[in-house]
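The lines below spell out each chain.
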Amino acid sequence: MNSMLSVLARIPLFKLYRATGWPKMLPLNITLSPSPKCNSRCLTCNIWMKRENELTLDEWDKVLASLGTAPYWFTISGGEPLMYPGVVELAKLAYKHCQPGIINIPTNGILNSGPERVRAILESCPNSQLIINLSLDGVGEKHDFIRGVAGNFEKFEERLEQYLALRAEFPNLAVGIHSVVSVFSVGHLDELIAYAEKSGADQFITEIAEPRVELDTVGLPITPSPEEYAAAIDKLITYVNSKRYKGVSRITEAFRVEYYKLVKRILDEQDQVIGCYAGWASAQIYADGTVWPCCVRADDLGNLREHNYDFKDIWFGEKIKDVRRSIAAKECHCPLANASYTNMLMDVSTATRVGMKVIKPDSIQVR
(Lines give C-alpha, C1' and ligand atoms only; values in the text may rest on other atoms or scores of the structure.)
Protein backbone atom coordinates (compact mmCIF):
# COMPACT_ATOMS: atom_id res chain seq x y z
CA MET A 1 0.00 0.00 0.00
CA ASN A 2 1.14 3.52 -0.78
CA SER A 3 2.36 4.50 2.70
CA MET A 4 1.41 7.70 4.50
CA LEU A 5 5.04 7.91 5.61
CA SER A 6 6.11 8.14 1.98
CA VAL A 7 3.62 10.99 1.54
CA LEU A 8 5.08 12.91 4.46
CA ALA A 9 8.57 12.36 3.11
CA ARG A 10 7.53 13.95 -0.19
CA ILE A 11 6.18 17.19 1.32
CA PRO A 12 9.55 19.04 1.30
CA LEU A 13 10.04 17.93 -2.31
CA PHE A 14 6.65 19.34 -3.36
CA LYS A 15 7.45 22.62 -1.61
CA LEU A 16 10.75 22.77 -3.49
CA TYR A 17 9.03 21.83 -6.76
CA ARG A 18 6.49 24.64 -6.38
CA ALA A 19 9.22 27.18 -5.53
CA THR A 20 11.87 26.20 -8.08
CA GLY A 21 10.41 23.76 -10.62
CA TRP A 22 12.62 20.96 -9.35
CA PRO A 23 12.50 18.05 -8.57
CA LYS A 24 9.70 17.04 -10.91
CA MET A 25 6.91 15.39 -8.89
CA LEU A 26 3.72 13.65 -9.92
CA PRO A 27 0.62 14.58 -7.87
CA LEU A 28 -0.30 12.62 -4.75
CA ASN A 29 -3.99 13.60 -4.83
CA ILE A 30 -5.93 12.91 -8.05
CA THR A 31 -9.62 13.13 -8.84
CA LEU A 32 -10.88 10.87 -11.61
CA SER A 33 -14.15 11.93 -13.24
CA PRO A 34 -15.03 9.08 -15.59
CA SER A 35 -18.50 10.41 -16.48
CA PRO A 36 -20.64 13.49 -15.76
CA LYS A 37 -23.87 11.44 -15.95
CA CYS A 38 -25.98 11.73 -12.81
CA ASN A 39 -29.42 10.70 -11.58
CA SER A 40 -29.73 13.72 -9.24
CA ARG A 41 -31.05 17.12 -10.30
CA CYS A 42 -29.47 19.26 -7.58
CA LEU A 43 -30.17 22.96 -7.20
CA THR A 44 -26.41 23.48 -6.72
CA CYS A 45 -25.15 21.52 -9.74
CA ASN A 46 -25.78 21.24 -13.48
CA ILE A 47 -23.24 18.56 -14.35
CA TRP A 48 -26.02 16.07 -15.10
CA MET A 49 -26.77 18.04 -18.28
CA LYS A 50 -23.33 17.32 -19.74
CA ARG A 51 -22.38 14.55 -22.17
CA GLU A 52 -18.76 13.86 -23.04
CA ASN A 53 -16.68 11.60 -25.28
CA GLU A 54 -15.63 9.54 -22.26
CA LEU A 55 -12.37 7.66 -21.92
CA THR A 56 -12.75 3.90 -22.26
CA LEU A 57 -11.41 1.54 -19.61
CA ASP A 58 -8.56 0.60 -21.96
CA GLU A 59 -7.65 4.28 -22.12
CA TRP A 60 -7.88 4.64 -18.33
CA ASP A 61 -5.58 1.62 -18.04
CA LYS A 62 -2.87 3.43 -19.99
CA VAL A 63 -3.34 6.68 -18.08
CA LEU A 64 -3.13 5.05 -14.65
CA ALA A 65 -0.13 2.98 -15.69
CA SER A 66 1.65 6.23 -16.60
CA LEU A 67 1.09 7.55 -13.05
CA GLY A 68 2.68 4.61 -11.29
CA THR A 69 2.62 4.60 -7.48
CA ALA A 70 2.84 8.38 -7.06
CA PRO A 71 -0.82 9.05 -6.11
CA TYR A 72 -1.78 8.34 -2.50
CA TRP A 73 -5.38 9.54 -2.58
CA PHE A 74 -7.84 8.96 -5.42
CA THR A 75 -11.32 10.42 -5.55
CA ILE A 76 -13.61 8.80 -8.11
CA SER A 77 -16.15 11.51 -8.78
CA GLY A 78 -19.04 12.23 -11.12
CA GLY A 79 -21.81 12.97 -11.81
CA GLU A 80 -22.84 9.95 -9.80
CA PRO A 81 -19.72 7.75 -9.91
CA LEU A 82 -21.52 4.53 -9.01
CA MET A 83 -23.68 4.98 -12.14
CA TYR A 84 -20.56 4.68 -14.29
CA PRO A 85 -20.72 1.11 -15.68
CA GLY A 86 -16.97 0.60 -15.28
CA VAL A 87 -16.56 2.05 -11.79
CA VAL A 88 -15.43 -1.27 -10.27
CA GLU A 89 -12.96 -1.88 -13.09
CA LEU A 90 -11.66 1.70 -12.80
CA ALA A 91 -11.01 1.24 -9.08
CA LYS A 92 -9.27 -2.06 -9.83
CA LEU A 93 -7.01 -0.36 -12.40
CA ALA A 94 -6.11 2.40 -9.93
CA TYR A 95 -5.31 -0.25 -7.34
CA LYS A 96 -3.29 -2.36 -9.77
CA HIS A 97 -1.11 0.43 -11.11
CA CYS A 98 -0.98 2.98 -8.28
CA GLN A 99 -1.55 1.05 -5.01
CA PRO A 100 -3.27 4.05 -3.40
CA GLY A 101 -3.63 4.41 0.34
CA ILE A 102 -7.12 5.87 0.00
CA ILE A 103 -9.92 5.63 -2.55
CA ASN A 104 -12.77 8.07 -1.91
CA ILE A 105 -16.16 7.80 -3.64
CA PRO A 106 -19.03 10.24 -3.06
CA THR A 107 -22.52 8.96 -3.87
CA ASN A 108 -26.09 10.27 -3.78
CA GLY A 109 -27.41 6.91 -2.58
CA ILE A 110 -30.11 6.60 -5.24
CA LEU A 111 -28.72 3.64 -7.17
CA ASN A 112 -29.96 0.24 -5.91
CA SER A 113 -26.81 -1.50 -7.17
CA GLY A 114 -24.44 0.89 -5.37
CA PRO A 115 -23.67 -1.37 -2.38
CA GLU A 116 -23.07 -4.34 -4.69
CA ARG A 117 -20.50 -2.33 -6.65
CA VAL A 118 -18.86 -1.05 -3.48
CA ARG A 119 -18.56 -4.64 -2.21
CA ALA A 120 -16.79 -5.59 -5.43
CA ILE A 121 -14.34 -2.69 -4.99
CA LEU A 122 -13.68 -3.67 -1.37
CA GLU A 123 -12.97 -7.26 -2.37
CA SER A 124 -10.63 -6.15 -5.16
CA CYS A 125 -8.73 -3.43 -3.24
CA PRO A 126 -8.07 -4.94 0.21
CA ASN A 127 -5.04 -2.80 1.06
CA SER A 128 -6.64 0.55 0.25
CA GLN A 129 -8.89 2.44 2.66
CA LEU A 130 -12.20 2.94 0.87
CA ILE A 131 -14.29 5.92 1.94
CA ILE A 132 -17.92 6.09 0.86
CA ASN A 133 -19.54 9.47 1.51
CA LEU A 134 -23.32 9.62 1.11
CA SER A 135 -24.72 13.00 0.16
CA LEU A 136 -27.28 14.53 2.53
CA ASP A 137 -28.39 18.15 2.21
CA GLY A 138 -31.48 18.06 4.42
CA VAL A 139 -33.60 15.72 6.49
CA GLY A 140 -36.73 14.30 4.84
CA GLU A 141 -38.39 16.38 2.14
CA LYS A 142 -35.75 19.12 2.45
CA HIS A 143 -33.20 16.71 1.01
CA ASP A 144 -35.50 15.69 -1.83
CA PHE A 145 -36.16 19.35 -2.69
CA ILE A 146 -32.47 20.33 -2.88
CA ARG A 147 -31.51 17.13 -4.71
CA GLY A 148 -34.45 17.37 -7.12
CA VAL A 149 -35.50 13.72 -6.78
CA ALA A 150 -38.63 12.58 -4.94
CA GLY A 151 -37.89 9.75 -2.51
CA ASN A 152 -34.14 10.46 -2.40
CA PHE A 153 -34.08 10.70 1.41
CA GLU A 154 -35.74 7.31 1.76
CA LYS A 155 -33.15 5.85 -0.63
CA PHE A 156 -30.39 7.56 1.36
CA GLU A 157 -31.48 5.82 4.56
CA GLU A 158 -31.67 2.44 2.82
CA ARG A 159 -28.17 2.86 1.40
CA LEU A 160 -26.73 4.07 4.70
CA GLU A 161 -27.97 0.92 6.41
CA GLN A 162 -26.47 -1.22 3.65
CA TYR A 163 -23.08 0.51 3.77
CA LEU A 164 -22.92 0.26 7.56
CA ALA A 165 -23.56 -3.48 7.20
CA LEU A 166 -20.69 -3.67 4.69
CA ARG A 167 -18.46 -1.83 7.14
CA ALA A 168 -18.98 -4.64 9.62
CA GLU A 169 -17.56 -7.07 7.04
CA PHE A 170 -14.72 -4.97 5.65
CA PRO A 171 -12.31 -3.20 8.02
CA ASN A 172 -11.00 -1.09 5.13
CA LEU A 173 -14.36 0.68 4.67
CA ALA A 174 -15.28 4.01 6.26
CA VAL A 175 -18.79 5.41 5.79
CA GLY A 176 -19.42 9.15 5.94
CA ILE A 177 -22.26 11.60 5.47
CA HIS A 178 -21.45 14.56 3.24
CA SER A 179 -23.39 17.83 3.05
CA VAL A 180 -22.98 20.75 0.66
CA VAL A 181 -23.50 23.98 2.59
CA SER A 182 -25.38 26.20 0.16
CA VAL A 183 -27.91 29.04 0.29
CA PHE A 184 -30.53 26.28 0.37
CA SER A 185 -29.13 24.34 3.35
CA VAL A 186 -27.12 26.77 5.48
CA GLY A 187 -30.14 27.46 7.70
CA HIS A 188 -30.69 23.86 8.78
CA LEU A 189 -27.15 22.64 9.45
CA ASP A 190 -28.14 22.02 13.10
CA GLU A 191 -30.68 19.47 11.93
CA LEU A 192 -28.12 17.73 9.74
CA ILE A 193 -25.61 17.55 12.61
CA ALA A 194 -28.25 16.02 14.89
CA TYR A 195 -29.13 13.44 12.24
CA ALA A 196 -25.49 12.54 11.62
CA GLU A 197 -24.85 12.16 15.35
CA LYS A 198 -27.29 9.26 15.63
CA SER A 199 -26.70 7.79 12.15
CA GLY A 200 -23.82 5.44 12.96
CA ALA A 201 -21.64 6.96 10.22
CA ASP A 202 -17.91 7.32 10.85
CA GLN A 203 -17.88 11.01 10.02
CA PHE A 204 -20.03 13.96 9.04
CA ILE A 205 -18.32 16.26 6.56
CA THR A 206 -19.34 19.36 4.67
CA GLU A 207 -18.02 21.57 1.94
CA ILE A 208 -19.27 24.91 0.77
CA ALA A 209 -21.22 25.28 -2.48
CA GLU A 210 -19.23 27.26 -5.01
CA PRO A 211 -19.37 28.13 -8.70
CA ARG A 212 -17.30 25.62 -10.70
CA VAL A 213 -16.61 25.23 -14.38
CA GLU A 214 -16.96 21.46 -13.96
CA LEU A 215 -20.47 21.75 -12.51
CA ASP A 216 -21.55 24.46 -14.98
CA THR A 217 -22.53 26.69 -12.05
CA VAL A 218 -20.37 29.75 -12.72
CA GLY A 219 -22.51 32.81 -12.00
CA LEU A 220 -25.15 30.97 -9.98
CA PRO A 221 -25.87 32.46 -6.50
CA ILE A 222 -25.41 29.21 -4.56
CA THR A 223 -22.70 30.22 -2.05
CA PRO A 224 -23.90 31.44 1.36
CA SER A 225 -22.63 34.77 2.60
CA PRO A 226 -19.49 34.79 4.75
CA GLU A 227 -21.64 35.70 7.77
CA GLU A 228 -24.14 32.89 7.17
CA TYR A 229 -21.38 30.35 6.60
CA ALA A 230 -19.39 31.45 9.67
CA ALA A 231 -22.41 31.18 11.98
CA ALA A 232 -23.30 27.71 10.67
CA ILE A 233 -19.79 26.32 10.54
CA ASP A 234 -18.91 27.41 14.08
CA LYS A 235 -21.58 24.99 15.27
CA LEU A 236 -20.04 22.24 13.18
CA ILE A 237 -16.54 22.93 14.51
CA THR A 238 -17.90 22.68 18.05
CA TYR A 239 -19.55 19.38 17.16
CA VAL A 240 -16.43 17.88 15.57
CA ASN A 241 -14.24 18.98 18.49
CA SER A 242 -16.63 17.29 20.91
CA LYS A 243 -16.22 13.92 19.16
CA ARG A 244 -13.44 11.35 19.22
CA TYR A 245 -12.67 9.33 16.15
CA LYS A 246 -10.68 6.24 15.21
CA GLY A 247 -8.79 5.08 12.13
CA VAL A 248 -8.70 7.22 9.03
CA SER A 249 -11.63 9.30 10.33
CA ARG A 250 -9.40 10.60 13.13
CA ILE A 251 -7.10 12.14 10.53
CA THR A 252 -9.76 13.36 8.12
CA GLU A 253 -11.81 15.03 10.86
CA ALA A 254 -8.73 16.80 12.22
CA PHE A 255 -8.17 18.18 8.73
CA ARG A 256 -11.87 19.03 8.47
CA VAL A 257 -11.76 21.46 11.38
CA GLU A 258 -8.82 23.21 9.76
CA TYR A 259 -10.68 23.24 6.44
CA TYR A 260 -13.75 24.89 7.98
CA LYS A 261 -11.59 27.60 9.53
CA LEU A 262 -9.75 28.05 6.24
CA VAL A 263 -12.99 28.53 4.27
CA LYS A 264 -14.15 31.20 6.71
CA ARG A 265 -10.92 33.11 6.09
CA ILE A 266 -11.04 32.66 2.30
CA LEU A 267 -14.60 34.00 2.14
CA ASP A 268 -13.73 36.90 4.43
CA GLU A 269 -10.34 37.85 2.99
CA GLN A 270 -10.97 36.86 -0.66
CA ASP A 271 -7.46 35.42 -0.81
CA GLN A 272 -5.76 32.02 -0.97
CA VAL A 273 -4.73 32.38 2.72
CA ILE A 274 -2.33 29.41 2.39
CA GLY A 275 -0.42 28.40 -0.73
CA CYS A 276 -2.35 26.38 -3.31
CA TYR A 277 -0.72 23.23 -4.69
CA ALA A 278 -3.28 22.48 -7.40
CA GLY A 279 -1.14 21.88 -10.47
CA TRP A 280 1.71 20.51 -8.38
CA ALA A 281 0.43 18.05 -5.76
CA SER A 282 -3.21 17.68 -6.84
CA ALA A 283 -4.97 17.34 -10.18
CA GLN A 284 -8.15 16.17 -11.88
CA ILE A 285 -8.67 14.06 -14.97
CA TYR A 286 -11.99 14.82 -16.62
CA ALA A 287 -14.17 12.32 -18.46
CA ASP A 288 -12.88 13.19 -21.94
CA GLY A 289 -9.23 12.86 -20.90
CA THR A 290 -8.54 16.55 -20.24
CA VAL A 291 -6.18 17.21 -17.35
CA TRP A 292 -7.08 20.09 -15.01
CA PRO A 293 -5.18 21.52 -12.03
CA CYS A 294 -8.59 21.64 -10.29
CA CYS A 295 -12.28 21.57 -11.20
CA VAL A 296 -12.90 25.21 -10.21
CA ARG A 297 -10.53 26.80 -12.72
CA ALA A 298 -10.61 23.77 -15.04
CA ASP A 299 -7.65 25.04 -17.07
CA ASP A 300 -7.13 22.78 -20.09
CA LEU A 301 -3.59 21.52 -19.53
CA GLY A 302 -3.85 19.05 -22.37
CA ASN A 303 -5.83 16.01 -23.40
CA LEU A 304 -4.36 12.60 -22.65
CA ARG A 305 -5.57 11.23 -25.98
CA GLU A 306 -3.26 13.69 -27.70
CA HIS A 307 -0.30 12.76 -25.45
CA ASN A 308 -0.31 8.98 -25.90
CA TYR A 309 -2.13 8.67 -22.52
CA ASP A 310 1.07 9.69 -20.73
CA PHE A 311 0.15 11.90 -17.77
CA LYS A 312 3.79 12.92 -17.33
CA ASP A 313 3.89 14.40 -20.83
CA ILE A 314 1.25 16.95 -19.77
CA TRP A 315 2.35 17.41 -16.15
CA PHE A 316 5.95 18.17 -17.07
CA GLY A 317 5.14 20.03 -20.29
CA GLU A 318 5.17 23.69 -21.27
CA LYS A 319 1.45 24.51 -21.20
CA ILE A 320 1.11 23.97 -17.46
CA LYS A 321 3.78 26.56 -16.62
CA ASP A 322 1.53 29.61 -17.16
CA VAL A 323 -1.21 28.05 -15.05
CA ARG A 324 1.22 27.35 -12.21
CA ARG A 325 2.49 30.93 -12.40
CA SER A 326 -1.08 32.21 -12.13
CA ILE A 327 -1.91 30.00 -9.14
CA ALA A 328 1.34 30.87 -7.36
CA ALA A 329 0.63 34.57 -7.96
CA LYS A 330 -2.73 34.15 -6.17
CA GLU A 331 -4.73 35.11 -9.23
CA CYS A 332 -7.39 32.74 -7.93
CA HIS A 333 -8.76 31.72 -4.56
CA CYS A 334 -11.40 29.16 -3.72
CA PRO A 335 -12.52 26.85 -0.92
CA LEU A 336 -12.43 23.64 -3.02
CA ALA A 337 -12.28 20.89 -0.38
CA ASN A 338 -10.33 18.27 -2.30
CA ALA A 339 -7.46 20.60 -3.18
CA SER A 340 -7.58 22.26 0.24
CA TYR A 341 -6.64 19.03 2.05
CA THR A 342 -3.48 18.78 0.01
CA ASN A 343 -2.76 22.47 0.57
CA MET A 344 -3.14 22.07 4.32
CA LEU A 345 -0.82 19.06 4.31
CA MET A 346 1.81 21.24 2.59
CA ASP A 347 1.32 24.11 5.05
CA VAL A 348 3.64 23.57 8.02
CA SER A 349 1.56 25.32 10.67
CA THR A 350 -1.69 23.63 9.61
CA ALA A 351 -0.11 20.18 9.33
CA THR A 352 1.47 20.61 12.76
CA ARG A 353 -1.88 21.46 14.37
CA VAL A 354 -3.48 18.44 12.73
CA GLY A 355 -0.63 16.17 13.79
CA MET A 356 -0.83 17.27 17.40
CA LYS A 357 -4.57 16.64 17.46
CA VAL A 358 -4.22 13.18 15.91
CA ILE A 359 -1.54 11.94 18.31
CA LYS A 360 -3.17 13.22 21.49
CA PRO A 361 -4.15 10.16 23.61
CA ASP A 362 -7.60 11.55 24.41
CA SER A 363 -8.40 11.87 20.71
CA ILE A 364 -8.83 8.12 20.32
CA GLN A 365 -12.13 6.43 20.96
CA VAL A 366 -14.07 3.56 19.46
CA ARG A 367 -16.70 4.34 16.86
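Preceding this section is the structure that the text describes.
Owing to the predicted nature of the structure, the values given are computational and were not obtained by experimental measurement. (Residues numbered from 1 in each chain as written. Predicted model: local features only at pLDDT ≥ 70, side-chain atom pairs only at ≥ 80, totals over all residues. Heavy atoms only, no water.)

Looking at where C332 falls in the secondary structure, it is placed in the loop between helix 11 (319-328) and helix 12 (337-346). Distance from C332 to R297, taken between C-alpha atoms, is 8.3 Å for residues 35 residues apart in sequence. Excluding its chain neighbours within four sequence positions, the residues that come into contact with C332 are Q272, R297 and I327. (Helix = DSSP H or I, 4+ residues; strand = E, 2+ residues; numbered from the N terminus. Contact = heavy atoms within 4.5 Å.)

Turning to the pairing of strand 1 (residues 29-32), a few remarks are in order. Neither face of strand 1 is left uncovered, since the one carrying N29 and T31 and the one carrying I30 and L32 both have all their residues buried. Note: strand 1 against strand 2 (residues 73-76), 4 bridges, orientation parallel. Looking at strand 2, one finds that T31 is bridged to T75. Chirality of the crossover, the property in question, places the unit of strand 1, helix 2 (residues 57-67) and strand 2 among those that are right-handed. (Buried < 20%, exposed > 50% of the residue type's maximum accessible area, 1.4 Å probe, protein only. Pairing = 2+ DSSP bridges. Right-handed = clockwise from strand over helix to strand, strands pointing away.)

So, on to the state of the cysteines. All told, the structure shown has 0 disulfides when counted by the stated rule. Free cysteine C276: the closest other cysteine sulfur is in C332, separated by 5.9 Å. Exposure remark for C276: the relative accessible area of 13% places this residue in the buried category. Here C334 is not cross-linked by a disulfide; its sulfur's nearest cysteine counterpart is in C294, at 5.5 Å. For C334, a relative accessible area of 27% puts it in the partly exposed group. (Disulfide = S-S within 2.5 Å.)

For the rest of this paragraph, the subject is unusual backbone geometry. The omega torsion of the bond from W22 to P23 falls at -5°, within 30 degrees of zero and hence cis. Relative to the elements of secondary structure, P23 occurs in the loop between helix 1 (4-20) and strand 1. Note the cis peptide between G78 and G79, where omega equals 5°. Relative to the assigned elements, G79 resides in the loop between strand 2 and helix 3 (87-98). The backbone of Q99 shows a phi angle near 50°, a positive value even though the residue is not glycine. Among the secondary structure elements, Q99 is positioned in the loop between helix 3 and strand 3 (102-107). The class of Q99 is partly exposed, set by a relative accessible area of 40%. Despite not being glycine, D216 shows a phi value in the positive range, around 55°.

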